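Examination of the molecular architecture
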Amino acid sequence: MAVSVRIPTILRTYTGGNAEVSGEGATLRDVLAKLDSDYPGIGARILDESGKIRRFVNVYVGEEDVRFVEGLDTPAPEGAQISIIPAVAGG
């Protein structure tokens, strides 16, 4: 299933500068695995050593923050837009 994945500026070095790339998979986990296969190293910037989404990275499938639905098992339906958003800190 094809989905679009929005890539934040800080991770675009992995995607050749592309702000949006195509992804495939039935779940977010599948999409991120394919993304890391297509763009080696990007997965380690999104997932921690235990395979969970990093604390300061927010991921949305459509309008849903995956932390409040099914996490990495959130379905990624055909045509969905996945957004990877690094948290911004400041004061």
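Before any of the text, the structure's been laid out above.
These numbers come from a predicted model, not from an experiment.

Rules used in this analysis
Residues numbered from 1 in each chain as written. Predicted model: local features only at pLDDT ≥ 70, side-chain atom pairs only at ≥ 80, totals over all residues. Heavy atoms only, no water. Helix = DSSP H or I, 4+ residues; strand = E, 2+ residues; numbered from the N terminus. Rg over C-alpha atoms; globule rule 2.2 N^0.38 Å. Buried < 20%, exposed > 50% of the residue type's maximum accessible area, 1.4 Å probe, protein only. Contact = heavy atoms within 4.5 Å. Areas by Shrake-Rupley, 256 points an atom, 1.4 Å probe, with all protein chains shown as cover. Lys, Arg positive; Asp, Glu negative; His and termini not counted. Charge placed at Lys NZ, Arg CZ, Asp CG, Glu CD. Salt bridge = Lys/Arg side-chain N within 4 Å of Asp/Glu carboxyl O.

Regarding the overall build of the protein chain
In terms of regular secondary structure, the protein chain is built from two helices and five strands. When the helices and strands of the protein chain are placed in sequence order, the string is β-β-α-α-β-β-β. The C-alpha radius of gyration computed for the protein chain amounts to 12 Å, which stays within 12% of the reference 12 Å derived for 91 residues, consistent with globular compactness. Projected onto its principal axes, the C-alpha coordinates of the protein chain cover approximately 40 × 30 × 25 Å. Within the protein chain, the fraction of its 91 residues that count as buried is 35%. Pairs at least 24 apart in sequence give 54% of the contacts found in the protein chain among residues at least 6 apart. Accessible surface, the protein chain as shown: approximately 5,400 Å² in total, 52% of it carbon and sulfur. Treating the 9 positive side-chain charges of the protein chain as one cloud and the 13 negative ones as another, the clouds have centres 9 Å apart.

Details of the pattern of salt bridges
Oppositely charged side chains are able to pair whenever their charged atoms sit close together. The tally for this structure, following the rule as stated, stands at three salt bridges. Asp38 is the partner of Lys34 in a salt bridge, and the nearest nitrogen-oxygen pair spans 2.9 Å. Of the two residues, Lys34 and Asp38 are both situated in helix α1 (residues 28–38); the distance of four residues between them amounts to about one turn of the helix. Residue Lys34 is classed as partly exposed on the basis of its relative accessible area, which comes to 32%. Residues Glu49 and Arg54 are paired through a salt bridge, measuring 3.7 Å at the closest nitrogen-oxygen approach.

With respect to the environment of Glu78
With respect to the helices and strands, Glu78 occurs in the loop between β4 (64–65) and β5 (81–86). Here Glu78 falls in the exposed class, since its relative accessible area comes to 56%.

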